[in-house]
Structures are given as structure tokens and as C-alpha cells.
Amino acid sequence: MADLEKVKQLREETAVSLGECRKALEESAGDLGKAKDILRKMGRSLAEKRVSRDAKSGIIYSYLHSNNKVGVMIELRCESDFVANSSDFRNLAHEISLQIAAMNPKFIAPEDITEKDLEKEKEIYEDQLKSSGKPKEMIGKIMEGKINKYKEENSLMTQAWVKDDTKTIKDLFDETVAKIGEKIKVSKFVRYEI
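Let us look at the structure shown here. From a predicted model like this one, the values you see are computed outputs, not experimental measurements. (Residues numbered from 1 in each chain as written. Predicted model: local features only at pLDDT ≥ 70, side-chain atom pairs only at ≥ 80, totals over all residues. Heavy atoms only, no water.)

As for the overall build of the protein chain
What the protein chain contains, in helices and strands, is 8 helices and 5 strands. In the protein chain, the succession of helices and strands from N to C terminus is α-α-α-β-β-α-α-α-α-β-β-α-β. Overall, the protein chain is about 65 × 40 × 35 Å in size when its C-alpha atoms are taken along their principal axes. Relative to its 194 residues, the protein chain shows a buried fraction of 38%. Contacts in the protein chain between residues far apart in sequence, at least 24 positions, make up 59% of those at least 6 positions apart. On the protein chain, roughly 11800 Å² of surface is accessible, and the fraction owed to carbon and sulfur atoms is 50%. Averaging the positions of the 36 positive and the 36 negative side-chain charges in the protein chain gives two centres separated by 1 Å. (Helix = DSSP H or I, 4+ residues; strand = E, 2+ residues; numbered from the N terminus. Buried < 20%, exposed > 50% of the residue type's maximum accessible area, 1.4 Å probe, protein only. Contact = heavy atoms within 4.5 Å. Areas by Shrake-Rupley, 256 points an atom, 1.4 Å probe, with all protein chains shown as cover. Lys, Arg positive; Asp, Glu negative; His and termini not counted. Charge placed at Lys NZ, Arg CZ, Asp CG, Glu CD.)

Pasting the structure below:
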């Protein structure tokens, strides 16, 4: 049986249900660090189970940076109005808006990047590498690495979270899905800058 104080502490640190915290602590033999990792994995598996559900409800959230020169609007979807009006959901919308304002992603996920955009980037990288004098085999690997980095840096879901670079935005989503128990997705976003 998990120690009640540890369950309480894990609940306060993660905001996951007491039952899930107890299970994670039992599985980790009372180790708080391992329990947090278990909860993160649980969040991912819960998020994967909810992918097929419809996210018909949600909110439009806007953020205007304090200098009044950067603004963001996002359409964040979920399954019910109850969740759409919750503080956890609104907090996620705020965090995503801050991320978009700070990091200026161009796409929601790597799958959203068009072939046209990838071809354009490949041409730029090829031009950069032509005069490098590196062997062709090495150039292929460098190109692959640059394309992967482009996808990671320009896709909202794969970007490192600006408040904690050990997590990606996808991790933040998975944690919120584990907490509220519904599918969540960003349908659209727009970033304005002067």
C-alpha cells in the first residue's frame, strides 16, 4: 500500500487523480521520481486511446503579449463543454498561446508540413552543403538531420516547451489528457506580429 503522504505529495505535484497516483507509487515501490514517469507514460497511453474520439467542443483563446506587438489566437478542441470551461483546459490554451508567441511554429504537427515546404528546405540545405567539400554519404545524413530538425522546430507539438525544455508540447497535452480524461487537439492557430 502506498504511503498516504507520498500519494498526497504526488497528487499536488502532478494534479493527477489520487487513484492513479496510488497505482503509480505502488508500481514504483514508493519512488516519487519513478512514479512521475509512470504517470507521464499513463498520460500518453490515455491520450492514444482517445485519438479516435470526436472533439466537437472547445474554445477560441487569444493572447496579446505585454508589448502589444505579438498576438495569438488558437482554436483548442475537446469532447465536452464541461471540459472546455475547466481551468485546466483554459490553462493549457494559455500555455499553448505563450508557446506560439515565443517560438512561432508554422505547423501543428510534423505531418502537416507539405511536400512543397520540405522540398524548399531541401534545396536551401543542398545549396549550403554543395561548397562544404564533405563526402556525398555524409551530405545525405546531414540533410536528413537538418530536415528532422526543421520538422521539430517548426511543428508546435514537437517543440520543446518554453517553460520546461525537458518536455515537448505533446507531453504537455498528454499530461492534460491524463488529468481531464478527454481528447484535446489544436485545430488552428494564428500568430500576429508587428
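Resuming the write-up.
Side note on the side chain of Ser155
Position of Ser155 among the secondary structure elements: in the loop between helix 7 (136-154) and strand 3 (160-161). The buried category is assigned to Ser155, whose relative accessible area is 0%. Setting aside chain neighbours within four positions, we find Ser155 in contact with Pro105, Phe107, Ile108, Ala109, Pro110 and Ile113.

A closer look at the environment of Asp117
Turning to its location among the elements, Asp117 is positioned in helix 6 (residues 115-130). The exposure class assigned to Asp117 is partly exposed, which follows from its relative accessible area of 24%. Beyond its immediate sequence surroundings of up to four residues, Asp117 is in contact with Phe107 and Tyr150.

Points about the side chain of Gln99
Relative to the helices and strands, Gln99 resides in helix 5 (residues 87-103). Looking at Gln99, the relative accessible area reads 0%, which means it is buried. A polar atom in the side chain of Gln99 sits 3.0 Å from the backbone oxygen of Ala160. In contact with Gln99, not counting residues within four places along its chain, are Asn104, Pro105, Leu156, Gln159, Ala160, Trp161, Val162 and Ile169. (Polar contact = N/O pair within 3.5 Å; in protein donor to acceptor, adjacent residues only side chain to side chain.)

Focus: the nonpolar core
In this structure, Ile74, Leu76, Phe89, Ile96 and Phe173 are the most contacted members of the largest nonpolar core, which totals 29 residues. Looking at this core, the element that brings in the most residues is helix 5, giving 7 residues. Excluding its chain neighbours within four sequence positions, the residues that come into contact with Phe173 are Leu76, Leu92, Ile96, Met157, Ile184, Lys185 and Val186. Among the nonpolar cores identified, the runner-up in size contains 10 residues, and Cys21, Ala35, Ile38 and Met42 belong to it. (Core = buried A, V, L, I, M, F, W, Y, C linked by side-chain atoms within 4.5 Å.)

Re helix 2 (residues 18-27)
Along helix 2, the positions that sit buried rather than exposed are Cys21, Ala24 and Leu25. Seen along its axis, helix 2 keeps its buried residues to an arc of 100°; they face one direction. Phi turns positive one or two residues past the end of helix 2, at Ala29, with a value near 55°. (Arc of directions from axis to C-beta.)

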